Amino acid sequence: YIESFGVAVLGHSRFGHTVVGSEADDEIFSEILEILFGKKQRSSYTKQEIRDAMHVMTTIRYGGNYLITYDKKLLDKSEQLFNRFNATIICTPSDCLIKVKQRLSLILKTEIK
């Protein structure tokens, strides 16, 4: 079980399972929040919105290729996040499987079923 330590967010992160973020991290986090849930004061975002943005940021920060979810709000913003950060595709489990098979087929130069 591998754990990616995300940037600490006071009141949301688990102590001992985070890293201290920089001003640049905060700017990226704010941008992710805005893309996902619109621009508003940080204190106006719900607990779930903050945590969703934390998951997206951690995936982007560590170069994750996919963030797998059924959350429609995240799925609807996948393309916009990908275009902005040029990283991380947010997709459903079945879509991810299709994408991984396509990538493997290209690498192995054979069709994967």
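Criteria and thresholds
- For every chain, the first residue of the written sequence is number 1, and numbering continues from 1 along that sequence.
- Local features in a predicted model are, by the rule used here, given only for residues with pLDDT of at least 70; side-chain atom pairs are given and counted only at 80 or more, and totals for whole chains, interfaces and linings are based on all residues.
- Hydrogen atoms and water are omitted, and side-chain values are computed over all heavy atoms in the structure.
- Here the axes come from fitting lines to C-alpha atoms, over the contacting stretch only for helices, and the angles between their N-to-C directions go from 0 to 180 degrees.
- Numbering goes from the N terminus for both helices and strands, where a helix is a DSSP run of H or I of at least four residues and a strand is a run of E of at least two.
- Angles are sorted into four bins: roughly parallel if under 35 degrees, roughly antiparallel if over 145, roughly perpendicular if 65 to 115, and oblique for all others.
- Working rule for handedness: look at the near helix, and if it is turned counterclockwise from the far one by less than a right angle, call the crossing left-handed; if clockwise, right-handed.
- Whether two residues are in contact is decided by their heavy atoms: any pair within 4.5 Å suffices.
- Residues are grouped as follows: Ala, Val, Leu, Ile, Met, Phe, Trp, Tyr, Cys and Pro are nonpolar; Asp, Glu, Lys and Arg are charged; all remaining types, including Gly, are polar.
- By convention a nonpolar core is built from buried Ala, Val, Leu, Ile, Met, Phe, Trp, Tyr and Cys residues, the set being connected through side-chain atoms within 4.5 Å.
- Relative accessible area decides the class of each residue, using a 1.4 Å probe on protein chains only: under 20% of the type maximum gives buried, over 50% gives exposed, and in between gives partly exposed.
- This arc is built from the directions going out from the helix axis to the C-beta atoms.
- In protein, a polar contact means a hydrogen-donor-capable atom and an acceptor-capable atom, both N or O and within 3.5 Å, with residues adjacent in sequence counting only if both atoms are side-chain atoms; elsewhere, any N or O pair within 3.5 Å suffices.
- Throughout this description, the term salt bridge denotes a Lys or Arg side-chain nitrogen within 4 Å of a carboxyl oxygen of Asp or Glu.

### Examining the packing of helix H1 (residues 23–37) against helix H2 (residues 47–61)
Next, step 1: Interaxial distance between H1 and H2 falls to 9 Å at its minimum, and their mutual angle equals 120°. The pairing of H1 with H2 is recorded here as oblique in orientation. Classified by chirality, the crossing of H2 by H1 is right-handed. Residues Asp25, Ile28, Phe29, Ile32, Leu33, Leu36 and Phe37 of H1 lie in contact with H2, whose contacting residues are Glu49, Ile50, Asp52, Ala53, Met54, Val56, Met57, Ile60 and Arg61.
Next, step 2: Each residue belonging to the contact of H1 with H2 can be placed in one class, and the counts come to 12 nonpolar, no polar and 4 charged.

### Some points on the nonpolar core
Next, step 1: Within the largest apolar cluster, 20 residues are counted, with the highest numbers of intra-cluster contacts made by Phe29, Ile32, Leu33, Leu36, Ile50, Val56 and Leu81.
Next, step 2: At the level of secondary structure, the elements contributing two or more residues to this core comprise H1, H2 and helix H4 (78–85).
Next, step 3: The residues touching Leu36, leaving out its near neighbours within four places in the chain, are Ala53, Val56, Leu74, Lys77 and Leu81.

### Remarks on H4
Next, step 1: Within the span of H4, buried status applies to Ser78, Leu81 and Phe85. Buried residues of H4, seen end-on, are gathered within an arc of 70° and therefore sit on one face of the element. Within H4, the exposed residues directed more than 90 degrees away from the buried face are Glu79 and Asn83.
Next, step 2: Directly after H4, the chain includes Asn86, whose backbone phi takes a positive value near 50°.

### Thoughts on the side chain of Thr59
Next, step 1: Take Thr59: it is sitting in helix H2.
Next, step 2: For Thr59, the residues in contact, after removing those within four places along its chain, are Gly64, Tyr66, Leu67 and Thr88.

### Comments concerning the environment of Arg42
Next, step 1: For Arg42, the location among the structural elements is in the loop between H1 and H2.
Next, step 2: Once the C-alpha coordinates of Arg42 and Asp25 are considered, the two residues, 17 residues apart in sequence, prove to be 15 Å apart.
Next, step 3: With residues near it in sequence (within four places) discarded, Arg42 still touches Asp26, Phe29, Ser30, Leu33 and Ile50.
Next, step 4: Only 2.6 Å separates the side chain of Arg42 from the side chain of Ser30, close enough to count as a polar contact.

### Focus on the packing of H1 against H4
Next, step 1: Viewed as axis vectors pointing N to C, H1 and H4 meet at an angle of 150°, and their least axial separation amounts to 10 Å. Viewed along their axes, H1 and H4 adopt a mutual orientation that is roughly antiparallel. Two packed elements cross with a definite hand, and for H1 against H4 that hand is right-handed. Within the contact between the two elements, H1 uses Ile28, Glu31, Ile32, Ile35 and Leu36 and H4 uses Gln80, Leu81, Arg84 and Phe85.

### A look at the pattern of salt bridges
Next, step 1: Tallied over the entire structure, the rule returns 5 salt bridges.
Next, step 2: As a salt-bridge pair, Asp26 and Arg42 come within 3.0 Å of each other at their nearest N and O atoms. On the criterion of sequence distance, the pair formed by Asp26 in helix H1 and Arg42 in the loop between H1 and H2 is long-range, its members being 16 residues apart.
Next, step 3: Here Lys40 and Glu49 are joined by a salt bridge, their closest N and O atoms 3.4 Å apart.
Next, step 4: Residue classification places Lys40 among the partly exposed residues on the basis of a relative accessible area of 36%.
Next, step 5: Assessed through its relative accessible area of 12%, Glu49 is described here as buried.

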